[in-house]
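# Fold and geometry: a report
Chain by chain, the residues run as shown.
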Amino acid sequence: QVQLQQWGAGLLKPSETLSLTCAVYGAPFSGYYWTWIRQPPGRGLEWIGEINHRGSTNYNPSLRSRVTTSVDTSKNQFSLNLRSVTAADTAVYYCARVRGATRHLDYWGQGTLVTVSS
Amino acid sequence: SYELAQPVSVSVALGQTARITCGGNNIETKYVHWYQQKPGQAPVLVIFTDSNRPYGIPERFSGSKSGNTASLTISRAQGGDEADYYCQVWDSSTAAFGGGTKLTVL
């Protein structure tokens, strides 16, 4: 059974860096892209970016200047850093797996609420 | 950025058929995926590549695409189908989500 388990700080001050990690269990890490999505309270889903086991990345152009993703293949984990956060970055953040050539998101983490407040 | 248009809300009587649409430019050239999200939960994939159901998703859920519009159809709607539904495609190595549709079962 594939499981994605994510964690990270839930409360940040403006200008700080958001850091989240997602661990993958029950599935090979190689051969997939791994992605981050966020959802502001009461709003829709927004794609942040993705990374594969080799470290190749794609990012949402609107967030690219502040986003960094990384992988630790020895631990089957991938991480998200979002710099210089503001209240507009308050959201539930999800990690997910991108499946194959069709690129649907077949497994999701449980979500982490990150609140940015002074 | 690529935009996908969904109705904000759709209502359906219990046991009837609901249809949720997703419009986008040249969507006929893209794979469309659909996700169901219930309050406080992570999204769940219900349809991938336009019309395929993942294992464990009831046959009542189906997907189709015609012209510039993709559709998610839920037959014999149940109270447990009440949720937000999102369509999603990839465009130029970037994922795009529709704004989401709230399905209410009356």
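What you are looking at is a predicted structure, and each value in this text was computed from that prediction instead of being measured. (Residues numbered from 1 in each chain as written. Chains lettered and ligands numbered in written order. Predicted model: local features only at pLDDT ≥ 70, side-chain atom pairs only at ≥ 80, totals over all residues. Heavy atoms only, no water.)

### A word on the overall build of chain B
Within chain B, the regular secondary structure consists of zero helices and nine strands. When the elements of chain B are put in sequence order from the N terminus, they spell out β-β-β-β-β-β-β-β-β. In terms of overall size, chain B behaves like a compact globule, its C-alpha atoms giving a radius of gyration of 13 Å where 106 residues would be expected to give roughly 13 Å. C-alpha atoms of chain B, sized along the principal axes, occupy 40 × 25 × 25 Å. Here chain B has roughly 5,100 Å² of accessible surface; of this, 45% comes from carbon and sulfur atoms. (Helix = DSSP H or I, 4+ residues; strand = E, 2+ residues; numbered from the N terminus. Rg over C-alpha atoms; globule rule 2.2 N^0.38 Å. Areas by Shrake-Rupley, 256 points an atom, 1.4 Å probe, with all protein chains shown as cover.)

### Looking at the nonpolar core
In this structure, L18, W36, F78, L80 and Y93 of chain A are the most contacted members of the largest nonpolar core, which totals 26 residues. Top element by residues in this core is strand β3 (residues 18-25) of chain A. It accounts for four residues. When near neighbours in sequence (up to four residues on either side) are disregarded, Y93 of chain A contacts Q6, L18, L20, I37, R38, I48, L80, L82, G111, T112 and V114 of chain A. In this structure, V10, V12, A18 and F61 of chain B belong to the second largest nonpolar core, which totals 25 residues. (Core = buried A, V, L, I, M, F, W, Y, C linked by side-chain atoms within 4.5 Å. Buried < 20%, exposed > 50% of the residue type's maximum accessible area, 1.4 Å probe, protein only. Contact = heavy atoms within 4.5 Å.)

### Quick look at the sheet that holds strand β5 (residues 61-66) of chain B
Residues and elements named next belong to chain B. Reading across the sheet, the three strands line up as β2-β6-β5 and stay open at both edges, with antiparallel pairing between neighbours. The strands lining the two open edges of the sheet, one partner per strand, are β2 (18-23) and β5. Sheet twist, expressed as the mean angle between neighbouring strand axes with direction ignored, is 20 degrees. By the bridge criterion, six bridges tie β2 to strand β6 (residues 69-74) in an arrangement that is antiparallel. Paired with I20 across the strands is L72, a residue of β6. (Pairing = 2+ DSSP bridges. Axes fitted to C-alpha atoms, helices over the stretch in contact; angles between N-to-C directions.)

### Observations concerning the interface of chain B and chain A
In this complex, chain B contributes 18 residues to the contact, which on the side of chain A involves 19 residues. At the boundary of chain B with chain A, total buried surface from both sides reaches about 1,500 Å², with 67% on carbon and sulfur atoms. Counting the surface chain B buries against chain A, the share from its top three residues, P43, W90 and F97 of chain B, is 35%. Joining chain B to chain A, the criterion identifies zero salt bridges. Our enumeration of links across chain B and chain A arrives at seven residue pairs in polar contact (both at pLDDT 80 or more). Listing elements by their share of the side of chain B that touches chain A, those giving two or more residues are β3 (33-37), β7 (83-91) and β8 (94-97) of chain B. (Buried area = accessible area lost by both parts, 1.4 Å probe. Salt bridge = Lys/Arg side-chain N within 4 Å of Asp/Glu carboxyl O. Polar contact = N/O pair within 3.5 Å; in protein donor to acceptor, adjacent residues only side chain to side chain.)

### Quick notes on the side chain of S79 of chain A
Within the fold, S79 of chain A resides in strand β8 (residues 77-82). Leave out the neighbours within four places in its chain, and S79 of chain A touches L20, T21, W36, T68, T69 and S70 of chain A.

### Some details on the pairing of strand β5 (residues 46-52) of chain A
All names here are of chain A. Counting buried positions along β5 yields six of seven residues, so the element is predominantly enclosed. For strand β4 (residues 33-39) and β5, the ladder comprises six bridges, and the chain directions are antiparallel. Residue pairing for β5: I37 is matched across the bridge by W47. Connecting β4 to the antiparallel partner β5 that follows it, the hairpin turn spans six residues, and G42 within it adopts a positive phi of roughly 75 degrees. Inspection of the sheet shows β5 paired to strand β6 (residues 57-59) by three bridges, in the antiparallel sense. If you follow I51 over to β6, its bridge partner there is T57.

### Brief notes about the pairing of β8 of chain B
Residues and elements named next belong to chain B. Burial along β8 is two-sided: T94 and A96 and A95 and F97, pointing in opposite directions, are all buried. In terms of strand pairing, β7 meets β8 through four bridges, oriented antiparallel. By the bridge assignment, V89 is partnered in β8 with A96. Adjacent in sequence and paired antiparallel, β7 and β8 are bridged by two residues, among which S92 carries a positive phi angle near 55 degrees.

So yeah, pure geometry; function would need other evidence.
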